[in-house]
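Overview (structure and organization)
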Amino acid sequence: MGQPNLRKYMERRTPSSFKIQITSMVDMFVILLVFLLKTYSTSPVNITPKDGLRLPESSSPTDPIDVVKLVVSTDGVFVEDKKVMALE
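As the structure is a prediction and not an experimental result, all values here were calculated from the model.

**Overview of the pairing of strand β3 (residues 82-86)**
Among the 5 residues in β3, 0 count as buried, and that is only a small part of the element. Counting the residues that bridge the hairpin from strand β2 (residues 76-79) to β3 gives 2 residues, and of these Glu 80 lies at a positive phi of roughly 55°.

Printed below as a string of structure tokens:
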């Protein structure tokens, strides 16, 4: 008895024109992709120079090894980003 009513309902209804809007999802994935590419580092060692420090050019084919960071600049001597001696 319930089956004929369902069939009549399905025949009378209009076809829907529902379309999936994925524009905002694509935008979100593009933003994530750009963020991940910007934060991706190919070198395992991250060197951030101090103010007034000019690093030399390097063309070494091998990756550097992470060791104790010693920086000698015009302001002083730094070990692991801590000032251990001031220079005049």
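**A word on the sheet that holds β3**
Hydrogen bonding along the main chain pairs the strands of a sheet, whether they run parallel or antiparallel. If you walk across this open sheet you meet the 3 strands as β1-β2-β3, and the pairing is antiparallel. Looking at which strands have only one partner, the edges of the open sheet turn out to be β1 (70-72) and β3. Recorded for the sheet is a direction-independent mean angle of 20° between the axes of neighbouring strands. Here 3 bridges tie β1 to β2, and the two strands are oriented antiparallel to one another. Paired with Leu 70 across the two strands is Val 79, which belongs to β2.

**Things to note about the confidence of the model for the chain**
Here the chain shows a mean pLDDT of 79. Residues at 70 or above account for 85%. Per-residue pLDDT, averaged within each element of the chain, yields its smallest value for helix α1 (residues 2-12) (73) and its largest for helix α2 (residues 23-39) (90).

**Quick word on the environment of Pro 49**
Within the secondary structure layout, Pro 49 lies in the loop between α2 and β1. Between the C-alpha atom of Pro 49 and that of Val 71, which follows or precedes it by 22 residues, the distance is 8.4 Å.

**Focus on unusual backbone geometry**
Despite not being glycine, Glu 80 shows a phi value in the positive range, around 55°. Residue class for Glu 80 comes out partly exposed when judged on its relative accessible area of 41%. Backbone geometry at Asp 81 places phi at a positive 65°, although glycine is not the residue there. Looking at the secondary structure, you find Asp 81 in the loop between β2 and β3.

**A few points about the pairing of β2**
Taken together, β1 and the strand that follows it, β2, pair antiparallel across an intervening segment of 3 residues. Alignment of β2 against β3, held across 4 bridges, turns out to be antiparallel. Across the sheet, residue Val 77 finds its bridge partner in β3, namely Met 85.

Criteria and cut-off values
- Residues numbered from 1 in each chain as written.
- Predicted model: local features only at pLDDT ≥ 70, side-chain atom pairs only at ≥ 80, totals over all residues.
- Heavy atoms only, no water.
- Buried < 20%, exposed > 50% of the residue type's maximum accessible area, 1.4 Å probe, protein only.
- Helix = DSSP H or I, 4+ residues; strand = E, 2+ residues; numbered from the N terminus.
- Pairing = 2+ DSSP bridges.
- Axes fitted to C-alpha atoms, helices over the stretch in contact; angles between N-to-C directions.
- pLDDT = per-residue confidence, 0-100.

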